[in-house]
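Letter by letter, the chains look like this.
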2 protein chains.
Amino acid sequence: MSNNNATSVPEAYPMNGGDGTYSYTKNSSYQRAAANVAKTLIDEVIAEKLDIEDFSSASSTAFRIADLGCSVGPNTFACVQNIIEAVKQKYGSQLPDFHVFFNDHAANDFNTLFASLPPERHYFAAGVPGSFHGRLFPEASLHFAHSSYATHWLSKLPEEVTNKNSPAWNKGKIYYTTSPDQVFNAFAAQFRTDMAIFLEARAKELAAGGMMVLIMQTIPDGIHQSRIPSGIMFDFLGSILMEIAKEGLISEEEVDSFNIPVYSTTPNEMAELVERNGSFSIVKMESTSPWLKVGHIVNNTEQRLTRELRAGMEGVFKAHFGSDIVDQVFDRLNDKSGQLIKQLESSHRQGTQLFLALKRK
Amino acid sequence: MSNNNATSVPEAYPMNGGDGTYSYTKNSSYQRAAANVAKTLIDEVIAEKLDIEDFSSASSTAFRIADLGCSVGPNTFACVQNIIEAVKQKYGSQLPDFHVFFNDHAANDFNTLFASLPPERHYFAAGVPGSFHGRLFPEASLHFAHSSYATHWLSKLPEEVTNKNSPAWNKGKIYYTTSPDQVFNAFAAQFRTDMAIFLEARAKELAAGGMMVLIMQTIPDGIHQSRIPSGIMFDFLGSILMEIAKEGLISEEEVDSFNIPVYSTTPNEMAELVERNGSFSIVKMESTSPWLKVGHIVNNTEQRLTRELRAGMEGVFKAHFGSDIVDQVFDRLNDKSGQLIKQLESSHRQGTQLFLALKRK
């Protein structure tokens, strides 16, 4: 049932599991900074807009929260804790039990997630394996859905990009930053399809009056992809892969056929997709700037930037190129990180994160 | 919150994870046979006693099923499927979505469980990490709880048994089969405490009218533990450990201090514990005899009996003795399995499984 509503089987790109050197658990401080930027906004929308009366009959047994694309922690635990505190702050002791659902692909390392659940938590916890590009929960069963840094991942690469004879074949690149329009259009179309499926599934799962907060990569209207940090980083990784290809360790076609399945939407585009879906009203939409708060990632000698990038992106590289090449890519990235940091410092770092709070009509 | 109601932190004895030679996934045909014996009884109690009207207001968002102590599959999937089919058979299309919660200790291999979820399932799935000797779900949120071959495991060894100066110190044995009364009494007291906590937690979690089915090891009233298969098998393993101790590979004290944390209750004792709890009425209680249906375990040359015992018990042995000794124990068991099978064939195999169906008042 879980994926019946999706048009095709979504692919999984889990963050690195376990708790080793390159694990997401130890290397997700960018995402944490991003979550911190969102914290105040979440507090605000809960205080001002959450209306528990709206679904008091359906919520008789519990207040149900889902974190969609939660990865392996610890960020998800902090997010959930924050939501619960904000709800308690508003309603005090009249609340039923909290039931929290941690969702990610079945390939996510749930064993690590479960082992690191806060022992003193004041909620009941469950893990939900499966793609959020499809149904995950019973009808009208959720009261608050949250998703941070997950919905900019595509469910799969657009087909045109994987076809050598298509004008969207992304020759010599791994991202659409500086590619022909056809490549960008293919990514955009896939995102619109995915987001339509995502919103349709959540519209079914959220109780009337329930809220959903999405935090995702965005690009300010009018700014080119090549000027924002994600475009710069992905292009930098692409140039390293082309360098390895030129040395003959991999073929250029292997690079051509590889693409990072991530898309930066614009605020206008998201607003339009929400309106087209029709089941949600926009409670708050704001572009924020976590890149202005993550100096510790770029300003130290521990190569934290490389490790963070690796924890989040290694899976998708490994699936295509294998482990040996992944080591090569990130070792070279490490050697050149000074150069990358310079580019990031002169990038457009304002408004690269979208905070979107929706309410189920 | 999950374990707040337990008097101490329960210990975890997960079945073997993964899908290798000694995995529970590949070696749980005894438990499957046991579940098959229970299938007809479950169908019967659902057809005759389930009354969905009782909780129709609470069930507006979903019909919620929990399998407590589910291990890694595949048995749990068959059980859940069976419950859903029986409920559908009775109520047809008026039902809401099914939400199924697979519960086991956090140390259980949930990654394997999630990877093997039936892709064509007609229910929403979630994993719930934590001991069922404590709360796991919001108040009045479940409609059907099921637990097969899990509730005869104790939450921990009784303290007296682990104390060298206590009269319950189990010298030269690893089970209470032929031990002094003090040892048996300590096991029985621990079981009663555990079951009281278990029933109290489930009484809070089940909606009024909700049902719970427990399938567990039992011993017929008036039969001695040394005559039933579990007593015979555990004593056999104990004698192998003493043999290894006599050869000096482990100390006798290591054997004395090791005990298998499993208890076979009697039907009368369970009825008394349910009555003392006060929140449930007994819908059906029946002793069944799966040992009469598992000829394939004892009648073949593949040493299936050894592998099945290992898949279920290895964890508890390994935690105490380490991996090397575990290999020794089960290799020797394999060599002697003819002898063990002979003992099992002349054992009392009737009524060693309890089927108990309860209804939340």
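- As annotated in an unreviewed UniProt entry, chain A carries the name Putative S-adenosylmethionine-dependent methyltransferase and is attributed to Prunus yedoensis var. nudiflora.

**Here we look at the relation of the copies chain B and chain A**
Thinking step 1. If you rotate chain B by 180 degrees and push it 0.0 Å along the axis, it lands on chain A with an RMSD of 0.0 Å. Here the transformation between the copies is reduced to the relation of a two-fold axis. Across chain B, the rotation axis passes nearest the C-alpha of G127 of chain B, at a separation of 2.4 Å.
Thinking step 2. In this assembly, 100% of the residues forming the interface of chain B have copies in chain A that are likewise at the interface, indicating an isologous arrangement.

**As for the interface of chain B and chain A**
Thinking step 1. Taken together, the 33 residues of chain B in the interface contact 33 residues of chain A.
Thinking step 2. The junction of chain B with chain A conceals about 2800 Å² of combined surface from both sides, 58% of it contributed by carbon and sulfur atoms.
Thinking step 3. Where chain B touches chain A, the interface holds two salt bridges.
Thinking step 4. A salt bridge links D97 of chain B to R135 of chain A; the shortest N-O distance between them is 3.5 Å.
Thinking step 5. If you look at where chain B meets chain A, you find ten residue pairs in polar contact (both at pLDDT 80 or more).
Thinking step 6. Sorting elements by how many residues they give to the side of chain B that touches chain A places strand β3 (residues 124-129) of chain B first, with six residues.
Thinking step 7. The residue makeup of the side of chain B that touches chain A, split by class, is 19 nonpolar, eight polar and six charged.

**Section: the pattern of salt bridges**
Thinking step 1. Within this structure, the stated rule accounts for 38 salt bridges over all chains.
Thinking step 2. A salt bridge links E159 of chain B to K156 of chain B; its shortest N-O distance comes to 3.3 Å.
Thinking step 3. Given the relative accessible area of 16%, K156 of chain B is considered buried.
Thinking step 4. Among the salt bridges present, the one from K204 of chain B reaches E200 of chain B, with a minimum N-O distance of 3.6 Å. Remark: E200 of chain B and K204 of chain B occur in helix α4 (residues 181-205); sequence separation between them is four residues, near one turn of the helix.
Thinking step 5. A residue is classified by how much of its surface remains accessible, and E200 of chain B, at 43% relative accessible area, is partly exposed.
Thinking step 6. Linked through salt bridges whose partners overlap, the residues forming this network are D97 of chain A together with R135, R202 and E205 of chain B.

**A short note on unusual backbone geometry**
All names here are of chain A.
Thinking step 1. The residue S71 is not glycine, and still its phi comes out positive at about 60 degrees.
Thinking step 2. Here S71 shows up in the loop between β1 (63-68) and α2 (75-91).
Thinking step 3. S71 gets classed as buried once you look at its relative accessible area, which sits at 3%.
Thinking step 4. For A140, which is not glycine, the phi torsion reads 50 degrees and is therefore positive.
Thinking step 5. The topology assignment puts A140 in the loop between β3 (124-129) and β4 (142-148).
Thinking step 6. Look at A140 and you get partly exposed, because its relative accessible area is 27%.

**Side note on helix α9 (residues 304-321) of chain A**
Residue and element names in this part refer to chain A.
Thinking step 1. Bending of α9 peaks at approximately 60 degrees at the position of M313.
Thinking step 2. Among the 18 residues that make up α9, 14 are buried, leaving the element largely enclosed by the rest of the structure.
Thinking step 3. The positive-phi residue at the C-terminal boundary of α9 is G322, with phi of around 85 degrees.

**A word on the packing of aromatic side chains**
All names here are of chain A.
Thinking step 1. Using the criterion set out here, one finds 38 aromatic pairs over all chains in the structure.
Thinking step 2. Centre to centre, the rings of Y175 and F234 are 4.7 Å apart; their planes meet at 75 degrees, and the pair counts as edge-to-face. Linking Y175 in the loop between β4 and α4 (181-205) with F234 in helix α5 (residues 229-246), this pair joins segments that are 59 residues apart in sequence.
Thinking step 3. Residue classification places Y175 among the buried residues on the basis of a relative accessible area of 0%.
Thinking step 4. Given the relative accessible area of 4%, F234 is considered buried.

**A closer look at the environment of E243 of chain A**
Thinking step 1. Note on placement: E243 of chain A falls in helix α5.
Thinking step 2. Contact partners of E243 of chain A, with chain neighbours within four places excluded, come to R332 and K336 of chain A.

**Considering the packing of α9 of chain A against helix α10 (residues 323-335) of chain A**
Residue and element names in this part refer to chain A.
Thinking step 1. Interaxial distance between α9 and α10 falls to 9 Å at its minimum, and their mutual angle equals 150 degrees. Taken together, the axes of α9 and α10 lie roughly antiparallel to each other. Judged by the sense of rotation from one axis to the other, the crossing of α9 with α10 is right-handed. Contacts between α9 and α10 pair T306, L309, R310, E314, F317, K318 and F321 from the former with S323, I325, V326, D327, V329, F330, L333 and N334 from the latter.
Thinking step 2. When the residues that make up the contact of α9 with α10 are grouped by side-chain class, the tally is eight nonpolar, three polar and four charged.

**With respect to α5 of chain A**
Given 3.6 residues to a turn, an α-helix orients residues that are three or four positions apart in the same direction.
Residues and elements named next belong to chain A.
Thinking step 1. Given a rise of 1.5 Å per residue, 18 residues ought to cover 26 Å, and the 26 Å separating the end C-alpha atoms of α5 matches this to within 8%.
Thinking step 2. By the criterion of burial, α5 is predominantly enclosed, with 14 of the 18 residues buried.
Thinking step 3. At the C-terminal side of α5, G248 shows a positive phi close to 90 degrees.

**Section: the pairing of strand β7 (residues 353-360) of chain B**
All names here are of chain B.
Thinking step 1. Of all eight residues in β7, seven are buried; the element is thus mostly enclosed.
Thinking step 2. Sheet topology note: the strand β6 (residues 280-288)/β7 ladder contains eight bridges and is antiparallel. Each residue of the ladder has a partner; that of I282, found in β7, is L358.

**Topic: the nonpolar core**
Thinking step 1. If you look at the biggest cluster of nonpolar residues, it comprises 142 residues, and the most contacted ones within it are L241 and F317 of chain A together with L241 and F317 of chain B.
Thinking step 2. If you look at the next biggest cluster of nonpolar residues, it comprises 69 residues, including Y91 and V283 of chain A together with F98 and F102 of chain B.

**Description of the environment of M15 of chain B**
All names here are of chain B.
Thinking step 1. On the secondary structure map, M15 appears in the segment before α1 (29-49).
Thinking step 2. Accessibility expressed as a relative area gives 14% for M15, which makes it buried.
Thinking step 3. For the pair formed by M15 and G315, sequence separation is 300 residues and the distance between their alpha carbons is 6.5 Å.

The rules behind these values
- Residues numbered from 1 in each chain as written.
- Chains lettered and ligands numbered in written order.
- Predicted model: local features only at pLDDT ≥ 70, side-chain atom pairs only at ≥ 80, totals over all residues.
- Heavy atoms only, no water.
- Least-squares fit on C-alpha atoms with pLDDT ≥ 70 in both.
- Contact = heavy atoms within 4.5 Å.
- Buried area = accessible area lost by both parts, 1.4 Å probe.
- Salt bridge = Lys/Arg side-chain N within 4 Å of Asp/Glu carboxyl O.
- Polar contact = N/O pair within 3.5 Å; in protein donor to acceptor, adjacent residues only side chain to side chain.
- Helix = DSSP H or I, 4+ residues; strand = E, 2+ residues; numbered from the N terminus.
- Nonpolar A, V, L, I, M, F, W, Y, C, P; charged D, E, K, R; others polar.
- Buried < 20%, exposed > 50% of the residue type's maximum accessible area, 1.4 Å probe, protein only.
- Bend = angle between axes of the 7 residues up to and from the residue.
- Phe/Tyr/Trp six-rings, centres within 6.5 Å; stacked < 30°, edge-to-face > 60°.
- Axes fitted to C-alpha atoms, helices over the stretch in contact; angles between N-to-C directions.
- Parallel < 35°, antiparallel > 145°, perpendicular 65-115°, else oblique.
- Left-handed = near helix turned anticlockwise from the far one by under 90°.
- Expected span 1.5 Å × (residues − 1).
- Pairing = 2+ DSSP bridges.
- Core = buried A, V, L, I, M, F, W, Y, C linked by side-chain atoms within 4.5 Å.

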